[in-house]
Amino acid sequence: MGIQKKFLFLCVVCSAALMFCACSKRSVGSGIVQNRMGSGASVKTEQIVQAEDETEIQEVLEGELYILTKLDTERKTAAFQKVTSGRQLQYGFDTGTRFLNKYGDSRAAESFLAGDVVELEVSDSTQKLLSVQMSDQVWVYEDIVNYSVDESIHAFIIGQTKYSYDPGMDIFSGEETVGFANLGESDVLRAVGMDNELISLSVSKGHGYLALANTKLFEGSLICVGDRIFEEVKQDMQIEAPEGTYLVTVANDGYGGSKEVVIKRDQTTSLDLDELKGAGPKVCKVTFDVSVEGAVLFIDGKKADYSKPVDLKYGAHTITVEAEGYDVITKTLVANSEKAEIEIALNASSGSKTETDDKKEEDTKDKEEKPKQEKEDKNANGGSGSNSGNSGNGNQNNGSGNNNGSGNNNGTSQSDYLTTLYNLLTSMNGGNNNSGNGSGSNSDGSGANRSYDDLRDE
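Thresholds, definitions, all that
Residues numbered from 1 in each chain as written. Predicted model: local features only at pLDDT ≥ 70, side-chain atom pairs only at ≥ 80, totals over all residues. Heavy atoms only, no water. Helix = DSSP H or I, 4+ residues; strand = E, 2+ residues; numbered from the N terminus. Contact = heavy atoms within 4.5 Å. Areas by Shrake-Rupley, 256 points an atom, 1.4 Å probe, with all protein chains shown as cover. Pairing = 2+ DSSP bridges. Axes fitted to C-alpha atoms, helices over the stretch in contact; angles between N-to-C directions. Salt bridge = Lys/Arg side-chain N within 4 Å of Asp/Glu carboxyl O. Buried < 20%, exposed > 50% of the residue type's maximum accessible area, 1.4 Å probe, protein only. 1 Å grid on protein atoms, 1.4 Å probe; cavity = no way out; pocket = protein on both sides within 12 Å on 5 of 7 lines; lining within 4 Å. Points joined across faces, edges and corners; volume = space filled by probe spheres on them. Phe/Tyr/Trp six-rings, centres within 6.5 Å; stacked < 30°, edge-to-face > 60°. Core = buried A, V, L, I, M, F, W, Y, C linked by side-chain atoms within 4.5 Å. pLDDT = per-residue confidence, 0-100.

## A look at the overall build of the protein chain
Part 1 of the argument: In terms of regular secondary structure, the protein chain is built from seven helices and 28 strands.
Part 2 of the argument: Across the protein chain, every contact between residues at least 6 apart in sequence was considered, and the portion connecting residues at least 24 apart equals 54%.
Part 3 of the argument: Of the roughly 26,500 Å² of accessible surface on the protein chain, a fraction of 47% belongs to carbon and sulfur atoms.

## Details of the sheet that holds strand β16 (residues 222-225)
Hydrogen bonds between backbone groups are what pair the strands of a sheet, and the pairing can be parallel or antiparallel.
Part 1 of the argument: Strand order in the open sheet made by the four strands is β17-β16-β19-β20, with antiparallel pairing throughout. Each edge of the open sheet carries a strand with a single partner, namely β17 (229-232) and β20 (255-263). Each strand of the sheet is rotated relative to its neighbour by a mean of 20 degrees, with strand direction disregarded.
Part 2 of the argument: Summarising the sheet, β16 and β17 pair through four bridges and their orientation is antiparallel. Within β17, the position partnered with L222 by the bridge is E232.

## Topic: the pattern of salt bridges
Part 1 of the argument: Tallied over the entire structure, the rule returns seven salt bridges.
Part 2 of the argument: For the salt bridge of K259 with E275, the shortest nitrogen-to-oxygen distance reads 2.8 Å. With K259 in strand β20 and E275 in helix α3 (residues 274-277), this pair connects stretches of sequence that are 16 residues apart.
Part 3 of the argument: Take K259: its relative accessible area is 34%, and that puts it in the partly exposed class.
Part 4 of the argument: Several salt bridges converge on common partners, so that one network encompasses D116, E142 and R190.

## Points about unusual backbone geometry
Part 1 of the argument: For K76, which is not a glycine, the phi torsion comes out positive at approximately 60 degrees.
Part 2 of the argument: One non-glycine residue, D195, adopts positive backbone phi at about 55 degrees.
Part 3 of the argument: Within the secondary structure, D195 is located in the loop between β13 (188-194) and β14 (197-205).

## Describing the side chain of S135
Part 1 of the argument: In this structure, S135 sits in the loop between β6 (129-134) and β7 (139-144).
Part 2 of the argument: Looking at S135, the relative accessible area reads 4%, which means it is buried.
Part 3 of the argument: Excluding residues within four positions of it along the chain, S135 makes contact with L65, K102, V117, V118 and E119.

## A short note on empty space enclosed by the protein
Using a probe with the size of a water molecule, rolled over the atoms, empty space left in the structure can be pinpointed.
Part 1 of the argument: This model, assessed by the stated rule, comprises one cavity of 30 Å³ or more.
Part 2 of the argument: Considering only enclosed or pocket space, the largest cavity measures out at about 40 Å³ in volume.
Part 3 of the argument: Lining the largest cavity are S173, V178, N182, L183, D187, V203, G206, H207, R265 and D266.

## What to know about the packing of aromatic side chains
Part 1 of the argument: If you walk through the whole model with that rule in mind, you get nine aromatic pairs.
Part 2 of the argument: Arranged with centres 6.3 Å apart and planes meeting at 70 degrees, the rings of Y141 and Y163 form a pair that is edge-to-face. You can see Y141 sitting in strand β7 and its partner Y163 sitting in strand β10 (residues 161-165), a full 22 residues away along the chain.
Part 3 of the argument: On the accessibility criterion, Y141 (32% relative accessible area) is partly exposed.

## Brief notes about the sheet that holds strand β21 (residues 268-272)
Part 1 of the argument: An order of β18-β15-β21 is seen for the three strands of this open sheet, with the pairing classed as mixed. Edge strands, defined here as strands with exactly one partner in the open sheet, are β18 (238-242) and β21. Strand-to-strand twist in this sheet, taken as the mean axis angle between neighbours without regard to direction, amounts to 30 degrees.
Part 2 of the argument: With five bridges connecting them, strand β15 (residues 207-213) and β21 associate as parallel partners. If you follow A213 over to β21, its bridge partner there is D272.

## A short note on the side chain of S131
Part 1 of the argument: With respect to the element layout, S131 can be found in strand β6.
Part 2 of the argument: On the basis of relative accessible area, S131 is assigned to the buried category, the value being 6%.
Part 3 of the argument: Not counting residues within four places of it along the chain, the set of residues in contact with S131 comprises T97, R98, E119, L120 and E121.

## A word on the nonpolar core
Part 1 of the argument: The biggest cluster of nonpolar side chains holds 27 residues, and the ones touching the most others in it are F288, A295, L297, I299, V321 and L346.
Part 2 of the argument: For this core, the secondary-structure elements that each account for two or more residues are β22 (283-290), β23 (296-299), β25 (310-313), β26 (315-322), β27 (329-335) and β28 (339-344).
Part 3 of the argument: With 18 residues, the next largest nonpolar core counts L212, Y246, V261 and L271 among its residues.

## Some remarks on the confidence of the model for the protein chain
Part 1 of the argument: Predicted confidence across the protein chain gives a mean pLDDT of 74, with 63% of residues reaching 70 or more.
Part 2 of the argument: In the model, residues 5-58 has pLDDT below 50 throughout and makes 22 contacts with residues more than four positions away in sequence or in other chains.
Part 3 of the argument: Within the model, the stretch residues 372-458 combines pLDDT values under 50 with 131 contacts to residues more than four positions away or in other chains.

## Re the pairing of β14
Part 1 of the argument: Note: β10 against β14, two bridges, orientation parallel. The residue of β14 that forms the bridge with S164 is E197.
Part 2 of the argument: Here strand β11 (residues 171-173) runs beside β14; their pairing, made up of two bridges, is parallel. Considered in β14, the bridge of I171 is made with L201.
Part 3 of the argument: Examined bridge by bridge, β13 and β14 share seven bridges and lie antiparallel to one another.

## Considerations on the pairing of strand β2 (residues 77-82)
Part 1 of the argument: Counting buried positions over the six residues of β2 gives five, a clear majority of the element.
Part 2 of the argument: Across six bridges, the pairing between strand β1 (residues 66-72) and β2 is antiparallel. Note that in β2 the partner of L68 across the bridge is F80.
Part 3 of the argument: Connecting β1 to the antiparallel partner β2 that follows it, the hairpin turn spans four residues, and K76 within it adopts a positive phi of roughly 60 degrees.
Part 4 of the argument: Two elements, β2 and strand β3 (residues 88-92), share five bridges in a ladder whose sense is antiparallel. Paired with F80 across the strands is L89, a residue of β3.

Okay, here's the thing in C-alpha cells:
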C-alpha cells in the first residue's frame, strides 16, 4: 500500500511538471500576441521583431524603384536605396543575373552607374538578383554644365527649369558621395528624376587642382592649361581644372616650356615651374600675315616691320593692328615655340567702304559678266527659259565661291602654331564671324582673355 502511494505521488509531480511546461510555452506565444496589442513581454518581443526585420530587409516589391548606390563586379554585389523610404539593401548576383535597359535589352553590368534608378527582381529562395532593369518611369539628363543650386528651397536648376530634391540626397562622385559644396564650377553632372523632382545626381566628370611651385620667374605672365584655361601666374597659386590630361605651357622674359600633366578627380597635382623655364633667353620667330594692305602692327607699343619674321622673346606680348577704315585690334600673344605663323583679319568699320570692298565688287562683277555671256551664247543655241536658269545658278555659285574664299583667307594657319600662341587669331577672328567671313572661331569676339567659366558655358 505504501509503494502505491509513492507511485501516485510521482505521477502527480510529473503531471504538474508537464502542465508547467505547456503553460510556459503558451505564455511566450501569448506574450508576442499581447505585445503587438500593446502588452506582454516587451524585451523578448522586440528582439524577435528585430530579427524579422533583418530577414525582411531583402524584400522587394514589384514596381518599387531603387537607386543603385554601388556595384562591385569583383565581389558580385550590388547596393541599392529605396526611392520612397531611403532604405538600404544589398544583394549578390551571378552570371545568370540579367542587366537590362529600360526597353528590356541586355546590357553589361559595368554600364550601370551609381545614381541609376532601377527595378529589381530577386529570387525568394537564394535572395540573389534575377534581374536589374533601368526604370522607364524616370528621365535622365547627361552632360549637364549649365546648372545652379538654391539650397535654401532645395531646388536644383538646369538651365531655367527648377527641380526639387530631398535635402538628404547623396551626390555620387566615383566611389564616394559628396555634397553640393564639393561640386566644382567645371564639373559635368548627370541627373535622374521624375516629373519636377530630382531623384539622384552624379558627377560624370569631376575636377582636381594644379598647384604651382617656384612661380617667381613667371609671375604676372600667363599659364595655359590645355587650350581653354588661361590664368595669370601668381605666387604659389592653385588652379581648378576638369579631370583629364593637359599640356601646360608657361613663358616669360625669354624663358618657358611645356609639360604634360594629369589632373585626377578630387586630387591635387603639383607642378614645379623651375622644370619648365629651360635655358634662356629664347626667342620665337613669328611670321605675321595681315589681310589688309598697309595695316600697321604694334608689338608691346612699338611699331613692328612684319614684312619678315619678327623675333619675340618667350612670354606674353601685346599685339595691336590698325588700318584706315578698319576696327583696331588689340590682343595678347604668348610666344613659346621656336617659330609660328599666324594670319590676322580685320573688320571694316561700320559705314566705311574700303579698297578691299571695291576689289570684291570688281571681282563679283567680272564673275557675273562671264555667266551672262554664257547665257547669251546659249540663248543663240537653245531656249531662253533654260538659259535664264543657268544664269541664276552661275551667279549663285560665284557668290558662294567668294564667301569660301573669304573664309579661307581669314582662317588661322596651323603651321607651327602648336599650343603656344594663346589662341591669338581665334580671338581676333571671332568678330569676323558677325560679318559672315566664316573664320570658324568664337563669334563673340571676346578674345583669349575670357575665363574658363565663360568658355565652359558655351
